[in-house]
Amino acid sequence: MMRFLLLFSRQGKLRLQKWFTPIPEREKKKIIRDMTTMVLARQPRSCNFLHWKDLKIIYKRYASLYFCLAIENQENELLALEVIHRYVELLDKYFGNVCELDIIFNFEKAYFILDEFLLGGEIQETSKQVVNRCIESSDMLQEYYCEGETDFPGTWRKYHGGVYEQTCILTCGLKGIEITAGEEYRSRMYCI
Amino acid sequence: MSPSVPLQEMIRAIRSARTQCEERGVIQRECAAIRAQFRQADNGGRSHNLAKLLYVHMLGYPAHFGQMECVRMIASPRYSEKRVGYLGAMMLLDEKQDASLLITNSIKNDLSHSNQYVQSLALCTLACMGSAEMCRDLAPEIDRLLRASNSYIKKKAALCAVHIVRKVHELGELFAPAARSLLAEKNHGVLHGAVVLITELCERNPETLERFRKTVPDLVQIMKGLVISGYSPEHDVAGVSDPFLQVRILRLLRILGRNNEAASDAMNDLLAQVATNTDSTKTVGNAVLYETVLTVLDIKSESGLRVLAVNILGRFLLNNDRNIRYIAMTSLQRIVGTDHNAVQRHRGTIVDCLKDQDASVKRRALELSLALVSATNIRSMMKELLLFLSSCPLELRSQAASGIFNAAERYAPSQRWHIDTILHVLTTAGGDVRDETVPNLIQLITNTSELHCYTVHKLYRALLSDISQQSLVQVACWCIGEYGDLLLRGECQETEPVQVTEDDVLDALETVLQSHMSAPATRGFALTATMKLSTRITDNVDRIRSIVSIYGSCIDVELQQRAVEYNALFKKYDHMRAAVLERMPVIEKNSPGHTNGESTREAVKEVQPAKVKQAETLLPQQPANQVCDLLDLLGGSEEPLQSNPAVGSTVPVLPISTSSTAGGDLLDLLGGLEPTPLTPAPTVTVYEKSGVTLTLSREKQSDSGLTVTLTASNSTDSDISSFTLQAAVPKSVQLHMKAPSGDSLPARGAAKVTQMVVLSNPNKVNLKMRIRISYTSQGSAFQDTVQVDSFPEH
């Protein structure tokens, strides 16, 4: 299983931390310090795998962010690299050309996406499209769900890529939502 | 979804703070505002406040006051608040906090919520931070969800079950049937979850493993479907269909096929197919191939398949990607024990990897290279390893050095090569070698008597060039001390002759003695070496005398003690100096409980009369421990008991080079009890055998001790020479043996040998003494032991 996932910048500032085992607060801080020092000290074209205590540390740098994943000894390191890559792809799809600022200002969304992809230290869903759909449905639910209401109201706003767009929904319901295009936006979303 | 504007404003404010102090100020204000808001009644901004708090927490500031708010928000009916509440619970609460128990009820309710996203929140939180009690409480719920829900929930429930099994092992039984049925699902997410759950159950419980072996055909079927099927947009990653699921299934197959012929047979074809069909140009393909190789090597696969697997690893080794090379070496390390020859074929590539820039790759290459060293390739491998040692990163140095030593010891083609190699390592990485290297090397050198000249020349040269590597300097000093005469003779077959004068040698040793780089132990070596040279050189004995007397007032206690003893050797016991400082005999390998280097030094010290430290007897009940005490005390098993300096004797009083039974001798000594009958008389005969008689008479007695005299006489027809007595007493008693009157017993009792022994017994324990008698008669040596249990009373 995976033990923890950390995202930090080139200056060592933490942007996301996900722990899959219960660890005391002080221990967490120490681990974060160790990881940042170890990973930031690595040469640019070196191997992406490290050994730390009894865990394997897989790290990869994407632009200005380091993704650092700790796995147990029997796990497959190359697959862990793929896990990191998949997560970046999910973030990219959601935010549209994701950059570090997106993750800083919308950190809770980054967590929600992660929680749809990994669970309890294991991969939860292997299909990108399914994860994306789930996130979007949950987001819609967050916008509109109130106790007692099962139908979504007619109009809703979506924040996408920095522009507020307004679209009309002609039909909606829990089983499927079709949206006609606003001026710049067209989308089709399904709830599972 | 609209962003939380208050949150983003706060983030902006924090980021624009120019100093740490300013940032702290902003955060404190915000936290105060958040705390105030928490205390207020429900307003619309609760989720924003909690989100702000979570951000502050991620920056490293304390946020424990948000825990109760999390609990409240989880119970809220609004989804937005639940979402942030659960996120807060996962970040701020863990199973050690008391507040975590409070959310158990909320989780239970949410697990049966009508909306699947709310259910998923509860499942996610349970899988992330569920404590053992929560798991026990909610396990039946999870089981229900595993069976009767949509696939979205099923996949989450499966991973939740995995977490529960990890926390509470006994509940594994509960989930086994549901897990079995999940394998029939089509949804990849659910399949993946099911495979993970089955893996977890099988790893924990061998009986469950047996039961799940029946699923091997199903798994093989699923795998085949993934490998053969065409392009599937949902799951394709660079040409491989759902690599995550493939890897998990391969891992499960590995566990099921281990040690089981039938299961291994069932998967042979599949593994061959995966190994050959998977595209290895991208990392994903290599990930699947890697897992396949690991599986093949672990189960009882047929030999063709194994060869295929090792070939794949060989291909990995030649890959440009460092990561692939790294994992290839990791896998080869695992099989180097079993498939040694197969791995040997790739030795060249592995040795090349020693020169790689990357530290992780270097480490793996070093371990693998050391494992591949064998008698045939030792010379070439050692060249490479020594080259590596001179340029390797610091953290690998000691590992490399000890690996080289082991390899050299096992496969050295010749003694000279061995010594050369060790010297090379000491010169390059002397600071990182282990402590027992020095005595091991010394022992090796004494064993190769034909190379003494060569060795001492080489070491002398090394000493001249660099005195900072302590191990090297210690060995060099010892050799110069021992074989200084060979050094001064100047000629040597193996190396070029070089003229070394006595002054040069003494200069070198003095440099070591005075250098601030020398450790105390090294200086001890140097001083002893200087002393030894006094018998091997002719002209500069006075210089040595002066050096030794200077150190008689050295601050270092060890050096001072030695210098004082050596001084005494010069003054009072000059007649014995030659004998004491003679050439060391060959040290036997693997004598128990000591280091050779220590013992040689200690033994030389031991014979000094000024410091007669008596051996202490061991109570028969604990011979083993006490043997070690004894050995430690004396520093070596060579000199088990204190022997007296024999007057004018030519027998070296140096360590007896008996074998590893030296420790055994000691035990024998203790084991052989020969009680003599008590005679309540001032003089008692303690030993009478083969014509040699030993009597003990009491001279005087004080409150805390007594003085006795041992008298020996010889009633045989032949002379006895080299007669020595050794004695041992109980622990708290102190023994002091004065010099004997002589060491030869002429025949027919013509003369006697007497020796006075002072015993001090402050604790008034029962006085016992064990005496060992050794002598030579008619050309053969005799030895015997006698125990004196009671001393004559007045």
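Okay, so let's go over this structure. Every chain is numbered on its own, with residues counted from 1 as its sequence reads. Chains carry letters from A onward and ligands carry numbers from 1 onward, assigned in written order. Reporting in this predicted model follows two pLDDT cut-offs: at least 70 for local features of residues, and 80 or more for side-chain atom pairs to be given and counted; totals over whole chains, interfaces and linings ignore these cut-offs and use all residues. Side-chain numbers come from the whole structure's heavy atoms, not from hydrogens or water.

1. Examining the overall build of chain A
In step 1: Of regular secondary structure, chain A possesses five helices and 11 strands.
In step 2: Summary of the burial criterion: residues with accessible area below 20% of their type's maximum are buried, those above 50% are exposed, and those between are partly exposed, where the area comes from a 1.4 Å probe applied to protein chains only. For chain A, the residues scored as buried account for 59% of the 192 residues in total.
In step 3: Any pair of residues with heavy atoms lying within 4.5 Å of one another is described as a contacting pair. Residue pairs in contact within chain A that sit at least 24 positions apart in sequence constitute 42% of those at least 6 positions apart.
In step 4: Using the Shrake-Rupley algorithm and a 1.4 Å probe, accessible areas are obtained, with residue cover drawn only from the displayed protein chains. Here chain A displays about 8500 Å² of accessible surface, and carbon together with sulfur accounts for 50% of that area. Numbering of helices and strands runs from the N terminus, with a helix taken as a DSSP run of H or I at least four residues long and a strand as a DSSP run of E at least two residues long.

2. Brief notes about the side chain of Arg42(A)
In step 1: Topologically, Arg42(A) is positioned in the loop between helix H1 (25-40) and strand E3 (49-52).
In step 2: You can call Arg42(A) buried: its relative accessible area is 17%.
In step 3: Polar contact criterion, stated in full: a pair of N or O atoms within 3.5 Å, where within protein one must be able to donate a hydrogen and the other to accept it, and residues adjacent in sequence count only if both atoms are side-chain atoms. A distance of 3.3 Å separates polar atoms of two side chains, one belonging to Arg42(A) and the other to Tyr59(A).
In step 4: In contact with Arg42(A), other than residues within four places in its own chain, are Cys47(A), Phe49(A), Leu50(A), Tyr59(A), Asp358(B) and Ser360(B).

3. Brief notes about the environment of Val473(B)
Residue and element names in this part refer to chain B.
In step 1: Within the element layout of this structure, Val473 appears in helix H27 (residues 470-489).
In step 2: Residue classification places Val473 among the buried positions, given a relative accessible area of 1%.
In step 3: Separated by 49 residues in sequence, Val473 and Thr522 have C-alpha atoms that sit 6.9 Å apart.

4. Quick notes on the sheet that holds E3(A)
All names here are of chain A.
In step 1: One requirement defines pairing of two strands: DSSP has to find at least two bridges between them. Spatial strand order, E2-E1-E5-E4-E3: five strands in an open sheet with antiparallel pairing. Both outer strands of the open sheet, strand E2 (14-19) and E3, are each paired with one neighbouring strand and no more. In this sheet, adjacent strand axes meet at a mean angle of 20 degrees when their direction is disregarded.
In step 2: Examined bridge by bridge, strand E1 (residues 2-9) and E2 share five bridges and lie antiparallel to one another. Across the sheet, the residue bridging to Leu6 is Gln17, located in E2.
In step 3: Where H1 meets the sheet, its contacts fall on E1, E2, E3, strand E4 (55-62) and strand E5 (65-71), and the angle it forms with E1 comes to roughly 60 degrees. Axis lines are fitted through C-alpha atoms, for helices just across the contact stretch, and the angle between N-to-C directions can take any value from 0 to 180 degrees.

5. A short note on the interface of chain B and chain A
In step 1: Tallying the contact residues gives 71 residues for chain B and 71 residues for chain A.
In step 2: Buried surface area refers to the total accessible area, computed with a probe of radius 1.4 Å, that the two partners give up upon joining, counted for both partners together. Buried area between chain B and chain A, both sides added, is near 6600 Å², and the carbon and sulfur share of it is 56%.
In step 3: A pairing counts as a salt bridge when a side-chain nitrogen of Lys or Arg comes within 4 Å of a carboxyl oxygen of Asp or Glu. On the surface where chain B and chain A come into contact, there are eight salt bridges.
In step 4: Arg133(A) is the partner of Glu234(B) in a salt bridge, and the nearest nitrogen-oxygen pair spans 3.0 Å.
In step 5: Counting across the interface, chain B meets chain A through 28 residue pairs in polar contact (both at pLDDT 80 or more).
In step 6: Sorting elements by how many residues they give to the side of chain B that touches chain A places helix H14 (residues 243-257) of chain B first, with seven residues.

6. Topic: unusual backbone geometry
Residues and elements named next belong to chain B.
In step 1: A positive phi angle, close to 50 degrees, is found at Ala238, a residue other than glycine.
In step 2: By secondary structure assignment, the location of Ala238 is in the loop between strand E1 (236-237) and strand E2 (240-241).
In step 3: One non-glycine residue with positive phi stands out, namely Ser722, at about 50 degrees.
In step 4: Among the residues examined, Ser722 registers a relative accessible area of 21% and is labelled partly exposed.

7. Looking at the packing of helix H26 (residues 452-465) of chain B against H27(B)
Residues and elements named next belong to chain B.
In step 1: At a minimum axis distance of 8 Å, the contact between H26 and H27 shows a crossing angle of 130 degrees. When the axes of H26 and H27 are compared, the pair comes out oblique. Classified by chirality, the crossing of H27 by H26 is left-handed. Across from His452, Cys453, Val456, His457, Leu459, Tyr460, Ala462 and Leu463 in H26, the residues of H27 making contact are Leu472, Val473, Val475, Ala476, Cys479, Ile480, Tyr483, Leu486 and Leu487.
In step 2: Residues are grouped as follows: nonpolar covers Ala, Val, Leu, Ile, Met, Phe, Trp, Tyr, Cys and Pro; charged covers Asp, Glu, Lys and Arg; every other residue, Gly included, is treated as polar. Split into classes, the residues belonging to the contact of H26 with H27 amount to 15 nonpolar, two polar and no charged. In what follows, roughly perpendicular refers to angles from 65 to 115 degrees, roughly parallel to angles under 35, roughly antiparallel to angles over 145, and oblique to any angle outside these ranges. In this scheme the handedness of a crossing depends on how the near helix is turned from the far one: anticlockwise by less than a right angle means left-handed, clockwise means right-handed.

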